[in-house]
Amino acid sequence: LTDVTGVQTCALPILLSSARNPILLLLGRNVVPVTVDLPGEGGRALVVSGPNAGGKSVTLSTIGLSVAMVRHGLLPPVMPGSVVPWYDEVFTVIGDPTNMEQAVSTFTGQLARLEQILDRRVRGRTLVLLDELATGTEPRKGEALATAVVEALVGEGAECVVATHYDQLKRLADADA
């Protein structure tokens, strides 16, 4: 396959077999391994859901750190057979972007970060990690916004991994499975 820049690409999946979060390993924590399979390339989303303190954010972090490690020539802590493809761009909306000095709430901070990502447009193979997107506002509006953002990114060809409690995103994932 050839992408828009003329660079040869391959439709490899993200396949992390028994991946362990590198930071938690370095901290000497007991790490529960996770297996992640996002097949193909472009225009896909994996929705991760579960209870609070169930490992959603750690899973996103594990994926992002594994991709970053490979980009820097390091082997991530995964089992043999794992596949970590090359990404031209990796974006994240993870953590609480609250900024009291600039009067930025969690929701406003997330919107600012999303605007940066959406304005860039998808170029080449792009991975977007979204953790509890559009929280900090009225839940139904946040749910609708989060769904629209994921649909827009997937529509542009990005690969997204989304941690959420929103039922609408979970239903979207079920409908497209």
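Quick note: structure is the one above.
Here is what the cut-offs are and how they apply
- Residues numbered from 1 in each chain as written.
- Predicted model: local features only at pLDDT ≥ 70, side-chain atom pairs only at ≥ 80, totals over all residues.
- Heavy atoms only, no water.
- Buried < 20%, exposed > 50% of the residue type's maximum accessible area, 1.4 Å probe, protein only.
- Helix = DSSP H or I, 4+ residues; strand = E, 2+ residues; numbered from the N terminus.
- Pairing = 2+ DSSP bridges.
- Salt bridge = Lys/Arg side-chain N within 4 Å of Asp/Glu carboxyl O.
- Contact = heavy atoms within 4.5 Å.
- Core = buried A, V, L, I, M, F, W, Y, C linked by side-chain atoms within 4.5 Å.

Colleague: Looking at this structure, how should I read the pairing of strand E6 (residues 159–163)?
Modeller: Consecutive residues of a regular strand have side chains that alternate between opposite faces of the sheet. When you tally the buried positions in E6, you get 5 out of 5 residues, the bulk of the element. Neither face of E6 is exposed, since Glu159, Val161 and Ala163 on one face and Cys160 and Val162 on the opposite face are all buried. With 5 bridges connecting them, strand E5 (residues 126–131) and E6 associate as parallel partners. Across the sheet, Leu127 pairs through a bridge with Glu159, a residue of E6.

Colleague: I would appreciate a short explanation of unusual backbone geometry in the present structure.
Modeller: For residues besides glycine, phi is generally negative; the peptide bonds are generally trans as well. A positive phi angle, near 50°, is found at Ser18, a position not held by glycine. Note on placement: Ser18 falls in strand E1 (residues 14–19). Here Ser18 falls in the partly exposed class, since its relative accessible area comes to 28%.

Colleague: Sorry if this is basic, but what is going on with the pattern of salt bridges here?
Modeller: If the charged atoms of two oppositely charged side chains come close together, the side chains can form a pair. Applying the stated criterion across every chain, the model contains 2 salt bridges. Ionic pairing is found between Glu159 and Arg125, a salt bridge with its closest N-O pair at 2.5 Å. Within this pair, whereas Glu159 is found in strand E6, its partner Arg125 is found in the loop between helix H3 (106–120) and E5, the two being separated by 34 residues in sequence. Its relative accessible area of 0% is what places Glu159 among the buried residues.

Colleague: Hey, could you run me through the environment of Gly43 in this one?
Modeller: Along the chain, the position of Gly43 falls in the loop between strand E2 (34–38) and strand E3 (44–48). Spatially, the C-alpha atom of Gly43 lies 5.9 Å from that of Gly155, the residues being 112 residues apart in sequence. Apart from the residues lying within four places of it in its own chain, the contact partners of Gly43 are Val154, Gly157 and Ala158.

Colleague: Is there a simple way to think about the nonpolar core in this case?
Modeller: Side chains that are nonpolar tend, in soluble globular proteins, to be buried together. If you look at the biggest cluster of nonpolar residues, it comprises 16 residues, and the most contacted ones within it are Ile14, Leu16, Val36, Ile63, Leu127, Leu129 and Val161. Among the secondary structure elements, those contributing two or more residues to this core are E1, E2, helix H2 (56–71), E5 and E6. In this structure, Val93, Ile117, Val149 and Cys160 belong to the second largest nonpolar core, which totals 15 residues.

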